[in-house]
Amino acid sequence: MPTPTKGPRLGGGPAHERIMLANLSANLFEHKKITTTVTKAKRLRPFAERLITFAKKGDLASRRKVQGIISAKNRTNKTIVHELFTVIGPAMAEREGGYTRITKIGNRHGDNAPMAVIELVMEPVSPKQAVVKEAEKAAETAAPAETPVAEAEVAETEAADAPAAEAPATEAAEASAVEPEAAEAPAAEEKTEEK
């Protein structure tokens, strides 16, 4: 386990910290949500997410590694490891990270320690993100397909559209010019009839 960047370790020593994080992660996987201090939750997040990444692999070596990490001294947590690999791992298959969420809930009454809830994010990835991925793939496949010929066709289409857009404007101007003459023609016919 890497040395923490700031502050002392969580327990008396590194072995105690490893055991605390293993127990916290086992409880997190069992209950899907636990309440603890903010410091423990922040230390637990990368530890638990690493175990979930192993669970996403799903092979036997990963299962044995997680079993050794969660319950190094005893084998009573086999049901938790089984649930991690059969329920939590497949649920996180589409998610590329961010398997946990930390929510601060205020201070503890006894010693005023800042508390937080750390929970697994079990919701499926939003469809908006899936649509964005599909659009990116389509853009990547379309980008190599564009050739100079395709660019020339686009330029020709734009050139053809430009006079077509100008034509209605010129027709409208001609029509307005014709209308006064048309209005004068019936008046001239009336004058000739009167004579």
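Right, let's walk through the structure included here.

Parameters at a glance
- Residues numbered from 1 in each chain as written.
- Predicted model: local features only at pLDDT ≥ 70, side-chain atom pairs only at ≥ 80, totals over all residues.
- Heavy atoms only, no water.
- Helix = DSSP H or I, 4+ residues; strand = E, 2+ residues; numbered from the N terminus.
- Buried < 20%, exposed > 50% of the residue type's maximum accessible area, 1.4 Å probe, protein only.
- Contact = heavy atoms within 4.5 Å.
- Areas by Shrake-Rupley, 256 points an atom, 1.4 Å probe, with all protein chains shown as cover.
- Salt bridge = Lys/Arg side-chain N within 4 Å of Asp/Glu carboxyl O.
- Arc of directions from axis to C-beta.
- Core = buried A, V, L, I, M, F, W, Y, C linked by side-chain atoms within 4.5 Å.
- Pairing = 2+ DSSP bridges.
- Axes fitted to C-alpha atoms, helices over the stretch in contact; angles between N-to-C directions.

### Here we look at the overall build of the chain
- Across its full length, the chain holds 6 helices and 3 strands.
- Reading the helices (α) and strands (β) of the chain from amino to carboxyl end gives α-β-α-α-α-β-β-α-α.
- Per-residue burial over the chain gives 25% buried out of 195 residues.
- Relative to all contacts within the chain whose residues are 6 or more apart in sequence, the contacts with residues 24 or more apart total 55%.
- Counting every atom, the chain has about 13,300 Å² of accessible surface; 56% of that belongs to carbon and sulfur.

### Concerning the pattern of salt bridges
- In the structure shown here, the tally under the stated rule is 5 salt bridges.
- A salt bridge links E17 to R43, with the nearest nitrogen and oxygen atoms 3.1 Å apart. Placement of the pair is E17 in helix α1 (residues 14–31) and R43 in helix α2 (residues 38–57), with a sequence separation of 26 residues. The two residues E17 and R43 agree in class, both being buried.

### Points about helix α3 (residues 60–70)
- Within the sequence span of α3, burial applies to S62, V66, Q67 and I70. Burial along α3 is one-sided: seen end-on, the buried residues are contained in an arc of 135°. Exposed residues pointing more than 90 degrees away from the buried face of α3 are listed as L60, A61 and R64.
- Where the residues of α3 are buried, they touch α1, α2 and α4 (78–91).

### Details of the nonpolar core
- Judged by nonpolar contacts, the single largest core of 27 residues is most densely connected at F29, L44, I52, V66 and L84.
- Elements supplying a minimum of two residues to this core: α1, α2, α3, α4 and β3 (114–120).
- At 9 residues, α2 tops the list of elements feeding residues into this core.
- Ignoring anything within four residues of it in the chain, the contact list for F29 reads A48, L51, I52, I70, I80, E83, L84, I88 and L120.

### Re the side chain of T37
- Relative to the helices and strands, T37 resides in strand β1 (residues 33–37).
- On the basis of relative accessible area, T37 is assigned to the buried category, the value being 15%.
- Beyond its immediate stretch of four places on either side in the chain, T37 contacts R108, A113, P114, M115 and A116.

### Quick notes on the sheet that holds strand β2 (residues 100–107)
- Across the sheet, which stays open at both edges, the 3 strands sit in the order β1-β3-β2 with antiparallel pairing between neighbours. Whereas interior strands pair on both sides, the edge strands pair on one side only; in this sheet they are β1 and β2. Within the sheet, the average angular offset between the axes of one strand and its neighbour, ignoring direction, is 25°.
- Looking at chain direction, β2 and β3 are connected through 7 bridges and run antiparallel.

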